[in-house]
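Coordinate inspection notes
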Amino acid sequence: MADDFTERYRDLLTGWYDCVDRIVLNAYYPMGSTAGGFRTWWRRLIGGTDAEADAVLDNAHLMRLAGRFARRVRAWAADNAVPVIDCTAGERKHLVAEEYLRTHSVGPGVFLILVARAPAMVWDVRRSADGTVLGGLARKRTYVNHYSFHIMDRAWGHLVIKMAGHAPFGAQVILNGHEYVAIAAQGEGIGFVKEGNCFTETTDPAGLAQIADTLSQDAAAGRLGQVIDRWIYTACLIFGLDLADQQRTCFRYAYSNYQAEYSRNLLFAYGGHMDRVFNAMLDRTRSRLDIPAVRTLFGARRRPGKYGMRPSPRVGVVLETPAWDLTVFKVCFGLLTLKGYTKGARVLRFEAITHNTRQLGCGRALDRFPQIIARLAGMCQRFCTALDCVDIGFLPGGTLDQLPLPAQLGASRVGGIDVNQPRIRAALAAVLALAPSPDGFTVAEMAAKVHAMTGQTHATYNVRQAAYDLRKLRAKQLVAKPARTRRYYLPGPAARTISALLTLRDHVIAPILAGVKIRRHDHVPARLTPIDQDYEHLRTDMATLFRHLGIQPGPAAA
C-alpha cells in the first residue's frame, strides 16, 4: 500500500518495493533455561544413575565441555581449510566477513569462523566445601568465547550463526532479507544491481516487489525455521554435542525474534530529482520534527541527471563500495528507530527498526514474525505519511477564524486556540515533532518534548498544562485519542494544518512584519538566496500596501 509521500512523487519513480532487511533471531534450549531442566539434560548426557551424573556436575566438567567445543572447532577448520580468526574487543566482525567475501569465492557451507568474547548466561554449579553435596545451580552472566559461523546458504545467501561455547549453547542467528530476494530474483531471471542490502537498479520493479513481499507473509516464519534447522545442528552445535548426543538428550532449539528491520525503497528515474526532493523535504521537516543531527557522507561521483548515462542492470551485479553521497537522518523512540536516507544513484529508502521486539508488545516467538513485520510495515508507512504531511502544509478555509472560538469536547466546554500565544505555539510544535511516533505519545512525553524544544522546566510548563492544551487540540480535531487509551496521535490532515499554522506564523507573518520596519536605505546583500529574494519582494510589496491602506508600520520605517 502506497503512502502519501510515495503517491505525491509517483510520477518521478520507476517503481518501489518493500523488503525485510536485517533479521536477528535468538536460538535457545528451553529445558536448559531452568536449573531443574539443565540437571535433567545433564543426566541424559552423562548416562548412568542420577547420582553418578550429579557427582560430575560441577564447574570443572562444564569448562571441559566448553574446551572440547573449542578444540573441535579449530580441528575441523584446519582439516577443511576454513579460516578461524580471533577478533579483538570493538572489532567490527561483519567488516571482516565482507572483506573475506570480496577476496574469496565461497560455496555452500561454513566458509569463515570468527571468535570473540561476549557476555552470556552460563550455569554456576554450587557444591559443598568438600565437593560431595550438590547445592544448586545459579545463572551467571559472564564473558565467554562466542563462535560466529559464517555460512553461505543456497536460498538465503550469507547468514551468521553466533554460538556460545558453553552449555546450554545459546545462539543468535543473523540473516538479511535482501540476500534472499536477490537469490530468488536471480532464479526468476530478473536483472538487478545490488549495493549492500539495497537494490539500486532492476529491470522488473513489480516482479522484484512481488518476491520481496513473500517475506511479509505467514509462510516466512516457516522459511526462517527451515534455514536455521538446516545449519545449526550439523554445522554449529555438532562441535559441542554430536548427533547421537543431540538425539539422546532431546536437544532441540526454540527460536524467538530479537531484532528486525523493514524498508520502503523508492526508485527514482533520475538521481537529480531524488536529490532535490529529499533535500527540500529534509530542510523543511528537520526543525519541525526536532531532528538533532543529519549526517552526510560525500561520495566520489555525482548523481546522473535527466540526460546522464544510466547503468544497465545485469543479473546479480553487486556494487560493494558506494560511490554516491549518503545523507541519513533518523528519529528514535526508545528501542524503535525510524530512518531515511539516500542509497546508490537514485534510491530513497525509509526504514523502521526494532532493536528489541519486546517493545512492540506482540510476542517474540518465531510464529509471531509476520505480526512483527506487519507492525514495522505500518510504522514505515506512517513515517512516510507523517513526513509528507509535515512537509506539505494545508490550511482549510475558515480555520483561522474558527481556532480562537471555544469548542465542545464531550460534555465539557474548552477554550479556543490562539496561535499568538507562545505556550500554544510550543504545544503545537511539540505535537508536530511527535507525529512520527510509532505508538503515539502520552501527556508526559508531550510535556518532555516542550521542555526539550523550548528549554522550559516543569515549573513553567507541567503535565497538567500539557493535558489542558491537548484537550483544546482534541476539541479542534488537531489531535486524536482512541477510546480507553492514554496515548494520543496526530492524524495526517491535522499534521498538515499544524504545519501550515506554524509556518504561516513563524516564517511568513513574523518575518514580513519585521521586514517592513527595515529602513529604506539599509544595506541589502547583493547576492540573495531564492527564499531571501521572496522575502525581499514581500517586504517591498507589503510596505507599499501598508502605505496605500494608511497603516504606519512603526517609527523605524521611512
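Residue numbers restart at each chain and count upward from 1, following the sequence in its written direction. Predicted model: local features are reported for residues with pLDDT of at least 70 only, side-chain atom pairs are reported and counted for 80 or more only, and whole-chain, interface and lining totals are derived from all residues. With hydrogens and water set aside, each side-chain value is computed from the structure's full complement of heavy atoms.

What to know about the overall build of the chain
A count of helices and strands for the chain gives 17 helices and 16 strands. The rule is simple: take the accessible area with a 1.4 Å probe, protein chains only, and divide by the maximum for that residue type; under 20% is buried, over 50% is exposed, in between is partly exposed. For the chain, the proportion of its 558 residues judged to be buried stands at 47%. Any pair of residues with heavy atoms lying within 4.5 Å of one another is described as a contacting pair. Of the contacts made within the chain by residues no fewer than 6 positions apart, 68% connect residues no fewer than 24 positions apart. Methods summary: accessible areas were calculated by the Shrake-Rupley approach with a probe of 1.4 Å, and residue burial reflects only the protein chains presented. Of the roughly 27,500 Å² that the chain leaves accessible, carbon and sulfur atoms contribute 53%. Strands are runs of DSSP state E lasting at least 2 residues, helices are runs of H or I lasting at least 4, and numbering of each runs from the N terminus.

Describing the pattern of salt bridges
The salt bridge definition used is simple: a Lys or Arg side-chain nitrogen within 4 Å of an Asp or Glu carboxyl oxygen. This model, assessed by the stated rule, comprises 21 salt bridges. Ionic pairing is found between aspartate 54 and arginine 39, a salt bridge with its closest N-O pair at 3.2 Å. In this pair, aspartate 54 sits in helix α3 (residues 50-55) while arginine 39 sits in helix α2 (residues 35-46), placing the two residues 15 residues apart along the sequence. Judged by relative accessible area, which is 26%, arginine 39 ranks as partly exposed. The shortest N-O distance in the salt bridge between arginine 423 and aspartate 469 comes to 3.0 Å.

So, the environment of valine 390
Mapped onto the elements, valine 390 comes out in helix α11 (residues 369-391). Judged by relative accessible area, which is 0%, valine 390 ranks as buried. With 107 residues separating them along the chain, valine 390 and threonine 497 place their C-alpha atoms 8.8 Å apart. Setting aside residues no more than four positions away along its own chain, valine 390 makes contact with Thr285, Arg288, Leu289, Leu432 and Ser499.

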